[in-house]
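Below, each chain spelled out in residue letters.
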Amino acid sequence: MRRAAASVLATALLVTGCGSSPGEDQEGALRVLSLDQCADQYVLALGEGHDLALSPRADDPDSWLRAQASGHRTLRPTLESVVAYAPDVVVRYWGGDARLLARLERQGVTVVTIADAADFASVEQSIAGVAQALDRREAGQVLIARMRATLRDGTPPGGTRPVSALYLTAGGFTSGRGTLIDASLQAAGLENAAGHPGFGAVRVERLAMHPPERFALGFYDQSRADRRGPGRHPLVKRLAEDRPAVRLPAAMLTCPAWFMAEAVPVLAGLRDAR
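Numbering of residues starts from 1 in each chain and follows the order in which that chain's sequence is written. For a predicted model such as this one, the threshold for reporting local features is a pLDDT of at least 70, and the threshold for listing and counting side-chain atom pairs is 80 or more; totals across whole chains, interfaces and linings nevertheless cover every residue. Calculation of side-chain values draws on the structure's entire complement of heavy atoms; hydrogens and water are dropped beforehand.

Novice: Just to check I follow, could you spell out the packing of aromatic side chains for this structure?
Specialist: We describe a pair of aromatic rings using the distance from one ring centre to the other and the angle between the two ring planes. Only the six-membered ring of Trp is used, alongside the rings of Phe and Tyr, when aromatic pairs are assigned; centres must lie within 6.5 Å, and planes under 30 degrees apart are stacked while those over 60 apart are edge-to-face, with the rest tilted. The final tally for this structure, using the stated rule, is 3 aromatic pairs. Note on W64 and F259: the rings are 5.0 Å apart at their centroids and 15 degrees apart in plane angle, and the pair reads as stacked. With W64 in the loop between β2 (51-54) and β3 (73-74) and F259 in the loop between α10 (250-253) and α11 (263-268), this pair connects stretches of sequence that are 195 residues apart. Residues W258 and F259 carry aromatic rings whose centres are separated by 5.1 Å and whose planes lie at 75 degrees to one another, so their mutual orientation is edge-to-face. Across the pair, exposure class does not vary: W258 and F259 are buried alike. One aromatic cluster in this structure is built from Y42, W64, W258 and F259. When the ring centre of Y85 is taken as reference, the NZ or CZ atom of R31 above it lies at 4.3 Å. To qualify as a helix, a DSSP run of H or I must reach at least 4 residues; to qualify as a strand, a run of E must reach at least 2; elements of each kind are numbered from the N terminus. Relative accessibility thresholds used throughout: buried, under 20% of the residue-type maximum; exposed, over 50%; partly exposed, between the two (1.4 Å probe, protein chains only). Note on geometry: a ring has a charge over it if NZ (lysine) or CZ (arginine) is within 6 Å of the ring centre and within 35 degrees of the ring normal.

Novice: Would you take a moment to explain the packing of helix α5 (residues 120-133) against helix α6 (residues 137-154) for this structure?
Specialist: The angle between the axes and the distance between the axes are what describe a pair of packed helices. Put simply, α5 and α6 touch, their axes get as near as 8 Å, and they point 160 degrees apart. Taken together, the axes of α5 and α6 are roughly antiparallel relative to one another. Crossing angle aside, the handedness with which α5 passes α6 is right-handed. Contacts between α5 and α6 involve F120, V123, E124, I127, A131 and Q132 on the former and, on the latter, R137, G140, L143, I144, M147, R148 and L151. Under the grouping applied here, Gly and all other residues not named as nonpolar or charged are polar, the nonpolar ones being Ala, Val, Leu, Ile, Met, Phe, Trp, Tyr, Cys and Pro and the charged ones Asp, Glu, Lys and Arg. Taken together, the residues that form the contact of α5 with α6 break down as 8 nonpolar, 2 polar and 3 charged. As a rule, the C-alpha atoms of each element are fitted with a line to give its axis, helices using only the stretch in contact, and angles between N-to-C directions run from 0 to 180 degrees. Oblique is the label for every angle not falling under 35 degrees (roughly parallel), over 145 degrees (roughly antiparallel), or within 65 to 115 degrees (roughly perpendicular). Crossings are classed by handedness, with left-handed meaning an anticlockwise turn of the near helix from the far one by less than a right angle and right-handed meaning a clockwise turn. Whether two residues touch is decided by their heavy atoms; if any such pair falls within 4.5 Å, the residues are in contact.

Novice: Honestly, the side chain of S175 in this entry has me stumped. Any pointers?
Specialist: Here S175 lies in strand β7 (residues 173-175). Judged by relative accessible area, which is 1%, S175 ranks as buried. Other than its neighbours up to four places away in sequence, S175 contacts Y167, I181, N192, A194, G198 and F199.

Novice: What exactly am I supposed to notice about the side chain of Q37 here?
Specialist: Mapped onto the fold, Q37 is located in helix α2 (residues 37-46). Contacts of Q37, omitting those with residues within four sequence positions, involve S55, R57, D60, D62, S63 and T254.

Novice: In this structure, what is going on with the sheet that holds strand β11 (residues 245-248)? I would like to understand it.
Specialist: Strand pairing in a sheet relies on backbone hydrogen bonds, with the paired strands running either antiparallel or parallel. Judged by pairing direction, the sheet is parallel, and its 4 strands sit side by side in the order β8-β6-β10-β11 without closing on themselves. The open sheet has two edge strands with one neighbour each: β8 (190-192) and β11. For this sheet, the mean angle separating the axes of adjacent strands, direction not counted, is 30 degrees. Two strands pair when backbone bridges link them, and strand β6 (residues 163-169) and strand β10 (residues 214-218) are joined in this way by 5 bridges, in the parallel orientation. By the bridge assignment, A165 is partnered in β10 with R214. Where helix α7 (residues 180-187) meets the sheet, its contacts fall on β6 and β8, and the angle it forms with β8 comes to roughly 150 degrees. Two strands make a pair as long as DSSP finds a minimum of two bridges between them.

Novice: Honestly, the pairing of β6 in this entry has me stumped. Any pointers?
Specialist: Residues in a regular strand project their side chains so that they alternate between the two faces of the sheet. Most of β6 is tucked away: 7 of the 7 residues are buried. Summarising the sheet, β6 and β8 pair through 3 bridges and their orientation is parallel. Following the sheet pairing, V163 is matched in β8 by L190.

Laid out in structure tokens, this is it:
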């Protein structure tokens with residue numbers, strides 16, 4: 001009996017996590033589970049009034065809505081804890097293993113997967129999909145409208161000469177055609193200097209021989225990450241100091257979401273920089 005009681009108590013503590021959600025006792029509230037940090041952002045933005053369970057990374061420094069995560073329970077995405085929580089809706093980007101997802105499907109749980117995005121139209125589809133699952137369609141439209149307004153703020157005037165800019169992470173990677181970074185650069189009136197599709201590594205030697213006109217630096221605010229990465233090479237540092245450059249925080253870059261649009265007005269500042 002004692003062992004059974006201890007097991008029940010342990011399960012209760014696991015599900016309860018660090019606190020209860022503000023939507024927990026409201027009539028008609030859904031039990032909404034987020035399986036990873038990207039999904040946390042969507043759930044926090046669109047899940048008002050629902051009982052939310054977030055991933056353990058919801059309040060990490062590279063979480064865009066980390067302040068809003070305060071007070072919500074967190075839940076490890078294991079089969080046992082998810083079954084105990086009994087969600088109505090699960091939102092994920094990459095989180096959840098095959099066994100967990102199969103169990104949710106068998107139980108008829110609504111699972112919404114946030115897709116990778118190569119443009120902001122795809123982000124709008126993800127917003128609308130999550131908003132529909134949470135019965136918050138109007139909130140989704142408000143979020144989409146806000147993103148569109150932010151993009152307009154960075155749109156260059158007609159006749160503006162394109163300027164090349166290279167997106168570079170501290171680890172020495174860049175983003176070429178077919179990525180949301182590329183869409184952000186284009187929206188800001190910049191030419192992507194990557195010269196290749198998708199993601200790829202940048203050689204320091206190439207930068208030395210063919211430096212871009214501008215730099216958009218990503219993840220440099222994570223001081224302990226990639227401390228010896230090519231992006232932190234002294235030569236790269238010198239090049240970035242000699243040319244107009246902006247720094248985009250990790251929290252803006254970790255998820256194909258509406259807040260990537262916030263990078264566009266920042267990147268637009270590179271167009272006219274001297």
